[in-house]
Amino acid sequence: MLTRLLPLAVALCAALPAATAGEKAPPRTGPDDDFLFDEGLIRATDTKVEKIPANPAASEGLEAREGWSLAAWEDRGTLAKVPDPNKAGNTLLRLSTEGGKMGKSGAVIGNVMLPAETGFMTVSVCNPGDAPVKIALGLFQFGDLYYETSARDLPPGGWQVLRFDLAATDFKCAASNWKYAAALPKRVPVRTTVLLLIGDGRKVAVFYDGVSLDSMKLPELRNGAVVQFGKEPATGQYAGYVASASAQEFTVASDAPAKPADRELQLQARSGGKTPEAYYFEFVDRSVFRQLMPGDAVQVGWCLLGGARRASWINLVAQFPRKGRIVGRVRSADASRGSVELEMTAVPAGYQYMTGKVLAARMPLNSAGAPDPERAALMKLVKAGMQIEIDYEHSAEYGVLIRSLRLPGGGELAPPPAPAPTPAPPPPPVPAPPPPAPKDPGPEKPGGDSDY
C-alpha cells in the first residue's frame, strides 16, 4: 500500500448564532489532521501592510506553518502570511476584521497537539491601529469539544507577549453554559487552534508572531529504542522495511516471509473510543507513526484490538535518510496534485535493499492547492516509465516532499533507459526481540511542542 496523499486544510463554517439564542461552539468541519497547505489566505502583495515596529521576541512558531485558513464566520475579515519587515526570514500572520456586526474574526489551523497539564499558550501580538482590540484563543479538542479563553485587551502600539494559562479555570464551553468558569480537560489532544480577533464592529487588524503551545513530550523513535504502545502485550512479531506510512497506519513488508501470504503486515493506530483515554492513546500512536518513513527497517510487535491489528511496540533498526537524492522509474504521476510514485533504481548508500521498491512523493503545494507554476509545468512532462532524479525531504506533517526534480535530457522528454537487472535484495536485519514491555510510566513531563 502506498503512502496516501494528505487531505486539505480544515475550515470552520457557518455563522455563530445570536447571543440571545444561546451561544454554541463554532462548527469544526473537514478532516481531523494532516493539513497540506494554507487555504483562503490572500497574497502578501495584496495586503496593505501597516508599518509595525520590530518585535523584540520575534520567533518562528505556528504562524509560519502550513495549514492556516480563515474562519467562515459572519465577519470573515482577511488572513495573510507576510514577511517580517524588521527581521529577515521571520513570518508574521496578519488577521483583520471587516467591521461586520459580529465583530469577530478567526485564524484557524488544524494542528493536533497534546497540551501540557501545566503551561501556557503564548502569542506575540501587535495592534497597529489607533484603538484597543480584544484577543482570545479557541481550542477544539478530540470529541469536538470547544473551549475558548477569556478575551485580553490589546492596546495600540508595539508588540505584547500574551500568555494564556492552560491550567486556568476561566475557559468557556458548552458544559459551563458559555460562562468563563471551566478548566481545560487534561490529557485530551487538541485538533484545531483558533486565533480570535474581536473588533466590536470596527475594521481592525493585528499581527501574530511566536505562536506556541506548551505540549507534553511524546515517544521519539530512535535506532535501537523500543517504543511501547499502551499496556496490550504483543501476540505476534514481524520484521522488515516500512513500505508505506501515514499518521493513521503503516505497512511493514519483508522479502523473506515465512509464507508468501505474510509478505506484508498492516498496522493501524488505536482508535474508535470516545473517552479521553482513547483519544490520548490514538494521539500517541499517530504521533509515533508519522515519524516513520518508507525505507525504515523496523521490528514490530502487534496485537488485535477491535478486530484490527494494532502496534504493541516498535523497534527502529535502521532509518532511511530523511534527506537525500534518489533515482527512480515513474510508476504513476498526477500533475494536478504534484505527486509521483517512483520505483527506486538508485538510493543512498547502504540502502540497496530498497532498490525496486516504490516511494510516493509530492511537490509542496501553494495556497491554491497546486504546485507553483514552474513546478506544475515540469510535472506535466513526467510520464509513466520515465526515469527521473529527485532531491527529497521527509516531513512528519506532509510525508515525502520533492525539493527538486530532474528529467532526462535536462527537462526535455526522452525515451526512458532500459531497466537494469536488479539482484534479489537481501532482507533487512532482524534484531533480537525486545525485553518484555515495562509498565506504562505515563506521559513524560511537559516539554516542547509536538510535531504531530
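Our structure is the block above this text.
Fair warning: this is a prediction, and the values are worked out from it, not measured in the lab.

Rules and cut-offs
Residues numbered from 1 in each chain as written. Predicted model: local features only at pLDDT ≥ 70, side-chain atom pairs only at ≥ 80, totals over all residues. Heavy atoms only, no water. Helix = DSSP H or I, 4+ residues; strand = E, 2+ residues; numbered from the N terminus. Expected span 1.5 Å × (residues − 1). Buried < 20%, exposed > 50% of the residue type's maximum accessible area, 1.4 Å probe, protein only. Contact = heavy atoms within 4.5 Å. Salt bridge = Lys/Arg side-chain N within 4 Å of Asp/Glu carboxyl O. Pairing = 2+ DSSP bridges. Axes fitted to C-alpha atoms, helices over the stretch in contact; angles between N-to-C directions. 1 Å grid on protein atoms, 1.4 Å probe; cavity = no way out; pocket = protein on both sides within 12 Å on 5 of 7 lines; lining within 4 Å. Points joined across faces, edges and corners; volume = space filled by probe spheres on them. Nonpolar A, V, L, I, M, F, W, Y, C, P; charged D, E, K, R; others polar. Phe/Tyr/Trp six-rings, centres within 6.5 Å; stacked < 30°, edge-to-face > 60°.

Right, let's get into helix α1 (residues 276–289). The end-to-end C-alpha distance of α1, which contains 14 residues, comes to 20 Å, matching closely the 20 Å that a straight helix rising 1.5 Å per residue would cover. Burial analysis of α1 places 12 of its 14 residues in the buried class, which makes it a mostly covered element. Residues of α1 that are buried include every one of A278, Y279, Y280, F281, E282, F283, V284, D285, R286, S287, V288 and F289, and no others. For α1, the elements touching its buried residues are β15 (226–228), β16 (236–245), β17 (249–253), β18 (264–268) and β20 (308–318).

You will see that D144, though not glycine, has its phi angle at about 60°, which is positive. Mapped onto the fold, D144 is located in the loop between β8 (133–141) and β9 (145–148). Backbone geometry at D200 places phi at a positive 50°, although glycine is not the residue there. Tracing the backbone through its elements, the reader meets D200 in the loop between β12 (190–198) and β13 (205–213).

According to the stated counting rule, one finds 18 salt bridges in the structure shown. Measuring nitrogen to oxygen at the nearest pair gives 3.2 Å for the salt bridge that ties E148 to K104. Here E148 is found in strand β9, whereas its partner K104 is found in strand β6 (residues 104–109), with 44 residues between them in sequence. Among the ionic pairs, K357 bridges to D255, the shortest N-O distance being 3.6 Å. Of this pair, K357 sits in the loop between β22 (339–346) and β23 (358–362) while D255 sits in the loop between β17 and β18; the two residues are 102 residues apart in sequence, bridging distant segments of the chain. With a relative accessible area of 12%, K357 lands in the buried category.

Read from one edge of the open sheet, five strands run β4-β5-β13-β7-β11, paired in antiparallel fashion. Sheet topology places β4 (78–83) and β11 (159–165) at the edges, where each strand pairs with a single neighbour. Taken pair by pair, the neighbouring strands of this sheet meet at an average axis angle of 30°, ignoring direction. As paired strands, strand β7 (residues 120–126) and β11 are joined by seven bridges and run antiparallel to one another. Counted as the bridge partner of V125 is Q160 from β11.

Let us look at the environment of A175. Looking at the element boundaries, A175 is found in the loop between β11 and β12. Residue class for A175 comes out exposed when judged on its relative accessible area of 74%. For the pair formed by A175 and Y147, sequence separation is 28 residues and the distance between their alpha carbons is 9.7 Å.

In total, this model carries four cavities of 30 Å³ or more according to the counting rule given. The volume enclosed by the second largest cavity comes to roughly 50 Å³. What lines the second largest cavity is P115, A116, E117, L166, L184, P185, K186 and R187. Its residues assigned to classes, the lining of the second largest cavity comprises five nonpolar, no polar and three charged.

This brings us to the packing of aromatic side chains. Under the criterion given, the structure shown has 10 aromatic pairs. Ring centres 4.8 Å apart and planes at 85° place the aromatic pair F250 and F289 in the edge-to-face group. With a gap of 39 residues between them, F250 in strand β17 and F289 in helix α1 connect regions that are remote in the sequence. Judged by its relative accessible area of 0%, F250 is buried. Between F320 and Y351, the ring centres sit 5.1 Å apart and the planes meet at 65°, which makes this aromatic pair edge-to-face.

On to the side chain of S124, then. In this structure, S124 sits in strand β7. With a relative accessible area of 4%, S124 lands in the buried category. Among all residues touching S124, those that are not within four sequence positions of it are N55, A57, W159, Q160, V161, F207, Y208, D209 and G210.

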